[in-house]
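Each chain, letter by letter, is given below.
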Amino acid sequence: MIESLISIAFCVSTALTVLILLLPSQYEPEQAKSPAGSKDSPKPKTAVQILVLGDIGRSPRMQYHALSIAKQGGDVVIIGYKESEPHPEILSHPNISIVPLRPHPAFLQTSNKLLFTIYGPLKVLFQVACLWKCLAYSTKAPKWLLVQNPPSIPTLAIASLVCFLRQSKLVIDWHNFGYSILALKLGQRHPLVKLSAWYERVFCRSASAHFCVTDAMKSVLKQEFDVKASILPLHDRPANHFSPILDPTARTNFLETLPETSTVRSALLQGTLRVLVSSTSWTADEDFSVLIDALVRYSELATTTHNDLPEILAIITGKGPQKEMYMDQIATLEKSGKLQKVTIRTAWLSVHDYARLLASSSLGVSLHTSSSGVDLPMKVVDMFGAGLPVVGWDRFRAWPELVTEGVNGLGFGSSVQLAEHLLELFGDNDKLECLRRGAQKESCRRWDDEWNPIAGTLFELT
Ligand SMILES: *[C@@H]1O[C@H](CO)[C@@H](O)[C@H](O)[C@H]1NC(C)=O
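Nothing here was measured: the structure is a model prediction, and the numbers come from that model.

Undergrad: Let's hear about the sheet that holds strand S10 (residues 342–347): which residues, and what values?
TA: The sheet built from six strands is open, its strands ordered S10-S9-S8-S11-S12-S13 with parallel pairing. Of all the strands in the sheet, the pair left with one neighbour each is S10 and strand S13 (409–412). In this sheet, adjacent strand axes meet at a mean angle of 20 degrees when their direction is disregarded. Relative to strand S11 (residues 363–366), strand S8 (residues 273–279) runs parallel, the two being bridged by three bridges. Bridging from a neighbouring strand, Leu276 pairs with Leu363 of S11. Contacts between helix H17 (residues 415–427) and the sheet are confined to S8, strand S9 (311–317), S11, strand S12 (390–393) and S13, with S13 contributing the most and set at about 155 degrees to the helix.

Undergrad: Break down the domain arrangement of the protein chain for me, with residues and values.
TA: Taken domain by domain, the protein chain comprises domain 1 (47–237 + 448–458) and domain 2 (248–445). Each of domain 1 and domain 2 has a C-alpha centre, and these two points are 32 Å apart. Counting residues at the interface gives 19 residues for domain 1, matched by 13 residues for domain 2. A combined buried area of about 1400 Å² lies between domain 1 and domain 2, and 58% of that area is made up of carbon and sulfur atoms. For the pair domain 1 and domain 2, the interface holds zero salt bridges. The element that contributes the greatest number of residues to the side of domain 1 that touches domain 2 is helix H9 (residues 215–223), accounting for five residues. Of the residues assigned to the side of domain 1 that touches domain 2, the class counts are nine nonpolar, six polar and four charged.

Undergrad: Explain the confidence of the model for the protein chain residue by residue, including any values.
TA: Per-chain confidence: the protein chain averages 91 in pLDDT, with 97% of residues scoring 70 or above. For the stretch residues 32–38, pLDDT sits under 50, and the model shows three contacts to residues farther than four places along the chain or on other chains.

Undergrad: Would you mind going over the packing of helix H5 (residues 113–138) against helix H6 (residues 155–166) in detail, with residue names and values included?
TA: It is the contact of H5 with H6, at a shortest axis distance of 10 Å, that shows an interaxial angle of 25 degrees. One element, H5, and the other, H6, form an angle in the roughly parallel class. For H5 against H6, the interelement crossing comes out right-handed. Taken together, the residues of H6 that come into contact with H5 (itself represented by Val128, Leu131, Trp132, Leu135, Ala136 and Tyr137) are Thr155, Ile158, Leu161, Val162, Leu165 and Arg166. Split by residue class, the contact of H5 with H6 holds 10 nonpolar, one polar and one charged.

Undergrad: Just give me the short version of the environment of Ile118, but keep the residues and values in it.
TA: Its place among the elements puts Ile118 in helix H5. On the basis of relative accessibility, which here comes to 48%, the residue Ile118 falls in the partly exposed class. When the C-alpha atoms of Ile118 and Leu108 are compared, they prove to be 9.2 Å apart, with 10 residues separating the residues in sequence.

Undergrad: Residues and numbers for the state of the cysteines, please.
TA: Disulfide: a covalent bond formed between the sulfur atoms of two cysteine residues. Applying the stated criterion across every chain, the model contains zero disulfides. Unpaired in terms of disulfides, Cys212 finds its nearest cysteine sulfur in Cys204, a separation of 12 Å. Classification of Cys212 as buried rests on a relative accessible area of 0%. Cysteine Cys434 remains unbridged, with the sulfur of Cys444 as its closest cysteine sulfur at 16 Å.

Undergrad: Can you explain the packing of aromatic side chains? Please cite residues and give values.
TA: For the structure on display, the rule yields 17 aromatic pairs. Counting every residue linked through ring pairs, the aromatic cluster contains Trp144, Phe211, Trp451 and Phe459. Directly above the ring of Phe225 sits Arg201, whose terminal nitrogen or CZ lies 5.2 Å from the centroid. Taking the ring centre of Trp348 as reference, the NZ or CZ of Lys319 above it sits at 4.1 Å.

Undergrad: Talk me through the site of the ligand; I want residue IDs and the actual numbers.
TA: Neighbouring the ligand are the residues Pro42, Lys43, Pro44, His93, Pro94 and Asn95. Pro44 has a polar backbone atom sitting 3.3 Å from an oxygen atom of the ligand. Take Asn95: an N or O atom from its side chain is 2.2 Å from an oxygen atom of the ligand. Considered on its own, the ligand offers 360 Å² of accessible surface; in the complex 54% of this is hidden by protein.

Undergrad: How would you summarise the sheet that holds strand S4 (residues 144–149) if you had to cite specific residues and measurements?
TA: With parallel pairing, the seven strands of this open sheet are ordered in space as S3-S2-S1-S4-S5-S6-S7. Edge positions in the sheet fall to strand S3 (96–100) and strand S7 (230–233), since each has one partner strand and no second. Across the sheet, the mean angle separating the axes of adjacent strands is 20 degrees when strand polarity is ignored. Pairing of strand S5 (residues 169–174) with strand S6 (residues 209–212), which is carried by four bridges, proceeds in the parallel orientation. Note on S6: the bridge partner recorded for Trp174 is Cys212. Here helix H19 (residues 447–458) sits on the sheet and contacts S4, S5, S6 and S7; the angle it forms with S7, its principal contact strand, is near 160 degrees.

Undergrad: Give me the lowdown on the environment of Trp451, citing residues and values where you can.
TA: Position of Trp451 among the secondary structure elements: in helix H19. Residue Trp451 is classed as buried on the basis of its relative accessible area of 0%. If near-sequence neighbours (up to four positions away) are discounted, Trp451 is found in contact with His65, Ser68, Ile69, Gln72, Leu234, Gly456, Phe459 and Leu461. Engagement of the side chain of Trp451 in a polar contact is seen with the side chain of His65, the distance being 3.0 Å.

Each value, and the rule that gives it
- Residue numbering note: each chain is counted from 1, following its sequence as written.
- The predicted nature of this model means local features are confined to residues of pLDDT at least 70 and side-chain atom pairs, given and counted, to a pLDDT of 80 or more, with totals for whole chains, interfaces and linings taken over all residues.
- Excluding hydrogens and water, the side-chain figures rest on all heavy atoms present in the structure.
- Any two strands between which DSSP finds at least two bridges are classified as paired.
- Secondary structure elements follow DSSP: runs of H or I of four or more residues count as helices, runs of E of two or more count as strands, with numbering from the N terminus.
- The axes used here are C-alpha line fits, helices contributing only the stretch in contact, and every angle between their N-to-C directions lies in the interval 0 to 180 degrees.
- It only takes one pair of heavy atoms within 4.5 Å for two residues to be counted as in contact.
- Either an automatic procedure or a domain database provided the assignment from which the domain bounds are taken.
- Two parts placed together each lose some accessible area under a 1.4 Å probe, and adding up what both lose gives the buried area.
- Definition used for salt bridges: Asp or Glu carboxyl oxygen within 4 Å of a side-chain nitrogen of Lys or Arg.
- Side-chain classes follow a simple rule in which Ala, Val, Leu, Ile, Met, Phe, Trp, Tyr, Cys and Pro form the nonpolar group, Asp, Glu, Lys and Arg form the charged group, and the remainder, Gly included, forms the polar group.
- A score from 0 to 100, pLDDT tells how confident the predictor is in each residue.
- These descriptions rest on fixed angle ranges, namely under 35 degrees for roughly parallel, over 145 for roughly antiparallel, 65 to 115 for roughly perpendicular, and the rest for oblique.
- Handedness of a crossing follows from how the near helix is turned relative to the far one, being left-handed for an anticlockwise turn of less than a right angle and right-handed for a clockwise one.
- Each residue's exposure class comes from its accessible area (1.4 Å probe, protein chains only) as a fraction of the maximum for that residue type: buried when under 20%, exposed when over 50%, partly exposed otherwise.
- Cysteine sulfur atoms are paired as a disulfide whenever they fall within 2.5 Å.
- Only rings of Phe, Tyr and Trp enter the pairing, Trp through its six-membered ring, and a pair is recorded when the two centres are within 6.5 Å. The plane angle decides the type: under 30 degrees is stacked, over 60 is edge-to-face, the rest tilted.
- Throughout this description, the term charge over a ring refers to an Arg CZ or Lys NZ atom that lies within 6 Å of the ring centre and within 35 degrees of the ring normal.
- When we say a residue is near a molecule or strand, we mean one of its heavy atoms is within 4 Å of it.
- Between N or O atoms, a polar contact is any pair within 3.5 Å; within protein, one atom must be a potential hydrogen donor and the other a potential acceptor, and residues adjacent in sequence are included only when both atoms are from side chains.
- Shrake-Rupley sampling with a 1.4 Å probe provides the accessible areas, and residues are treated as covered by the protein chains on show and by no other component.

Shown next as C-alpha cells:
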C-alpha cells in the first residue's frame, strides 16, 4: 500500500519536473539581463516577434510592421511560411530574421466542402504542433508578440497561451475577421462558423492591445467583441515603391515597353487609349463578371451612340482559380464582336513594373467585396500610392474610409453603374484628370506617417 503510494508520488513528481523543464523560457526585461558596464554591442530598443500563419512574402502589412520596427531600432523575428520571396529590405536588414514554419502536407488542402470538415481539423493539429515548436522553443522570448488575424485558428489560442507562459505581451493586428471569411466558404449558419466566431471573441481578450485596418472595424471590436484593451486603427498605406509618374510622356513611354500594349500601339501614341488596370484574385468573392459586363456595355455604346469614346485596354493582373473560366468567356465575347474598342489582357509583372503600370494607367478598378464589411482592399491603397484614381465596389461599410467619392475615385454597386462611370470618366478627360489630382494628393500619405505615432508609441520606439 505505502509502496504503491510512494511510486505514484514518484511518477507524479517526475512528470511535473519534466513538464516544468519543458516549459518555454520567459521574457526577461533588459535591466535584469545585462549587468551595467557590459556594452559590447548596442542593445535593441525592444524585441518583437511577428506571427503570420500565411506566406510572409504575400503579407505586405506584416512586412511593413517588421521594417518599421527595425527602422526604429527594434529587433524583429518573423514567423510564417516562406513561399514567395519576401521584401528585399526584409532579407537584407540585419535586425530582422525569419523563422519559417513547416508547410502542412499538400493533401490536407481541399476545396471540397465535405472533405474540408475532415481535413480541416487535421491541418489545424499539424499547425498547432509547428506553431508551438516555433513560438515556445525555436525562438527567444520577445517582449511583444504581434499576430496577424485572420487566420485565427489556431494562431490566437496558441499565441495567447505562449504569451502567458513566456510573459510576452500579445498584440493582435486585425485585417478582417476569421469567422466571416470562413462563412464565405461554409455559409453563415454553419456550426463551425459559429464556433469560430466564439473562439475569436474569447481568445482576443488576452491581448494587451489591438491594431485594426479601419475605424469601422474598431467599433465592431468594441461593441460586438467587447474588447476592453486599447484598439488602435492603423490604416494601410502604400509601400515606397508605389509613387506617381507626373509626366504624361513618361507614362506613355512606360506603357509602350509592355508587350500587352503591342496591338493598341497607334491609339496609345495618339493619346486615344485609356488604360484600365485591375488586380484580382480570381475567386468567388471578387465577381469578375461585373467588369466584363461593364466593358461589353461600354463597347456597345462606343460603337453605336457614343462614337467619340476612346479605346480601352484593360490589363488584369493576379493569379487564381477562376482565371481560365473567365478567359474563355472573354475569348467568346471577342469572337462574337461584343468587345470592339475594348482589349483585355492579363499580365504577370514584377513588383516594380506593377508599380509603374499603376502609375502609368488611366484608371484602377477594384472588385473587392468585403466579407465583414469593415476590411479594405490593399490594392486600392497601392493604386492611390501610384497616384491612380479608382473605381470600386462600394457596397460595404468601410469604403468611405478609403475613397472620397468624386475626389479620388467613384464607387459602384452594379456593372451598369461601373459602365456609367467608365463612360463619364473616359468621355470627359477633365473629370478623369481631376480624380487623378485627388489620387496624387492621396499618395502623399505614407505608412511611416501613420505607423510611427501609433504603433511606434505602443512599442515604446518613438
Ligand atoms: C540593429 O540593431 C542595433 C542594436 O541592436 C543597432 O545599433 C543597429 O543600428 C541596427 N541596425 C540597423 C541597420 O538598423
